[in-house]
Amino acid sequence: MLKGLLVLLIFQCLGEAISQLSDIPISGPIIGMLLLFLALQIYPHQHLTSIETCSTNLITHLPLLFLPAGVGIFFLDPEYLNQWPAIFVSMILGTILAIVITAMTMKLITENRHDK
Amino acid sequence: MTSNLPASIHASLASSTVSVSEPSHWLHSPLFLITLTLLAYQLGQTFYRRTGKIFFLHPLITSSTAIASTLMALQVDYEHYFSATYLLHFLLGPATVALALPLHRYFHCVKTQATPIVATLVIGSLCAITSTLWLADSLGASQDVLLSLAPKSVTTPIALNIIDVIGGSPFLTAGVVVTTGVVGATVAPLIFQLIKVKSHRIQGFTLGLTAHGVGTAKAFEISGEAGAFASLALGLTGIFIALVLPHVIQWFV
C-alpha cells in the first residue's frame, strides 16, 4: 500500500516537473499517469501488486476525494446563480446527445466491420 | 527534539480543552471537518444502497448536501472547509496517476479493436464537449461558465487538472462533472433500449466516455465486459480531452 502510494507520488512528481519545465498545457498528474502507463507497458510486473492495491483503494473512493471541491457548488459566486438554467439545460441535453452519438458511432463501425 | 514532542502534544491537548468552552474552535478544526466528510460519505453510501439506488439519491448528492448544510449551520466558511480538508483533495493527484492501472489492464482490447475504439473516442469526446458548449453558448452562458462546463464528461480529478490549465471555476466544474455522471449513468440504459444497442462492449464504452466514474460503476452492474470497456473509455477519454481541450476551447471563447 505505502510502496504503491510512493510509486504514484514519484510519477506525479515526474509529471509535475515535465509540466513545469515545458510549455505543454497538460497538468502534472496527467503526465504522471501517462508515464506510469508507459512504464507498466514496458515493465508489466514491476511492483505491480503494491501499486494495484493502492490504486484500487484510491479509485474505489474517488467520490470521497472530490467531496471537498464538490461541496463548493453550494457556495458559488452569485454571478453563476443566474446562469443556472443555461448550465442545467446544456449539461443534461449535452450528455444525452453525447450518449446517443457515441453509442451509434460505435455500433455503426462495429457492424460494418462484421459485414466485411 | 524528544523533549519538545510531549510539550507540543500537551499544548494541543490544552488548546482542545480551551476550545470546549468555545465550541466554534473545535467545530472548525480539520479533525472535525474531515470526520464530518467521511461520515457524510459513509452515510450517503449506506442510504443509497438501502433505498435501492434511486439516481437522485446518489451518495455524492446526498453527502455534499449534508456537508454544505452542516457548514452553513455552523457558520464555517467554504474556503476554511476546503483548506481544512485539503488532505482529501490532495489525494486526487495520486488518484489521477492511479488511473493508469485500469488503462494498462484493459489496453489489450485497444489492440484488437483499434478502429472502433479510436474512432468512437474521437467522435464521442468531441461531441460531448461541443454539444454542451454550443447549447450553453446559445443559452447565453458567460465565458467562465463555458470553460467550467467544457471538461464535464471527464473523470473529476482530470477535469480539475484541465481547469487548472484552461481556467474556469473548479467548484462549478466539480459539481457539473458529478451531476453529468449521475445523469448519464441514469439515462444511458434507457437510451440503449431506445436506439437498440445491445452489445455490452458498446454500452460500457459509452458509459465510461460520457459519464466517467459514475458511468463505469453502472457498467460494472451490467457485466464485467461492460465494466472493462467503461474503464478503458474513462482513461482514454481523460487523456484525449486533456490533450485536445486547450485547443478546442478556443473555438468557443
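These numbers were taken from a predicted model, which means no experiment stands behind them.

Once that is clear, we can look at a negative patch on the surface. Together, D77(A), E79(A), D77(B) and E79(B) make up a negatively charged patch on the protein surface. For E79(B), the position within the fold is in helix α5 (residues 78–84). Overall, E79(B) belongs to the exposed group, its relative accessible area being 58%.

Moving on, we come to the interface of chain A and chain B. Chain A puts 67 residues into the contact, and the matching count from chain B is 95 residues. Each partner contributes to the roughly 7100 Å² buried at the junction of chain A and chain B, and carbon and sulfur atoms together form 81% of this total. Summed over the shared surface of chain A and chain B, the number is one salt bridge. Among the ionic pairs, R105(B) bridges to E52(A), the shortest N-O distance being 2.9 Å. For the side of chain A that touches chain B, the elements supplying multiple residues, two or more each, are α1 (2–21), α2 (28–42), α3 (48–60), α4 (62–65), α5 (67–70) and α7 (84–115) of chain A. At 24 residues, α7(A) tops the list of elements feeding residues into the side of chain A that touches chain B. Counted by class, the side of chain A that touches chain B contains 48 nonpolar, 16 polar and three charged residues.

Let us now look at the confidence of the model for chain B. All names here are of chain B. A residue-level look at chain B finds 91% of positions with pLDDT of 70 or above and a mean pLDDT of 85. Confidence scores differ between elements of chain B, with helix α1 (residues 4–21) showing the lowest mean pLDDT of 42 and helix α3 (residues 30–50) the highest of 95. Scored below 50 in pLDDT, residues 1–22 shows two contacts in the model against residues more than four places distant or in partner chains.

This part covers the pattern of salt bridges. All names here are of chain B. Overall, the coordinates contain three salt bridges over all chains when judged by the stated rule. Across the pair K218 and E221 runs a salt bridge, and its minimum N-O distance is 3.6 Å. Of this pair, K218 and E221 both sit in helix α13 (residues 200–222), three residues apart, which is roughly one turn of that helix. On the basis of relative accessible area, K218 is assigned to the partly exposed category, the value being 28%. For E221, a relative accessible area of 48% gives the class partly exposed.

Reading the values: rules and limits
- Residues numbered from 1 in each chain as written.
- Chains lettered and ligands numbered in written order.
- Predicted model: local features only at pLDDT ≥ 70, side-chain atom pairs only at ≥ 80, totals over all residues.
- Heavy atoms only, no water.
- Patch = residues over 30% accessible without salt bridge, like charges linked within 9 Å, V, L, I, M, F, W, Y side chains within 5 Å.
- Areas by Shrake-Rupley, 256 points an atom, 1.4 Å probe, with all protein chains shown as cover.
- Salt bridge = Lys/Arg side-chain N within 4 Å of Asp/Glu carboxyl O.
- Lys, Arg positive; Asp, Glu negative; His and termini not counted.
- Charge placed at Lys NZ, Arg CZ, Asp CG, Glu CD.
- Helix = DSSP H or I, 4+ residues; strand = E, 2+ residues; numbered from the N terminus.
- Buried < 20%, exposed > 50% of the residue type's maximum accessible area, 1.4 Å probe, protein only.
- Contact = heavy atoms within 4.5 Å.
- Buried area = accessible area lost by both parts, 1.4 Å probe.
- Nonpolar A, V, L, I, M, F, W, Y, C, P; charged D, E, K, R; others polar.
- pLDDT = per-residue confidence, 0-100.

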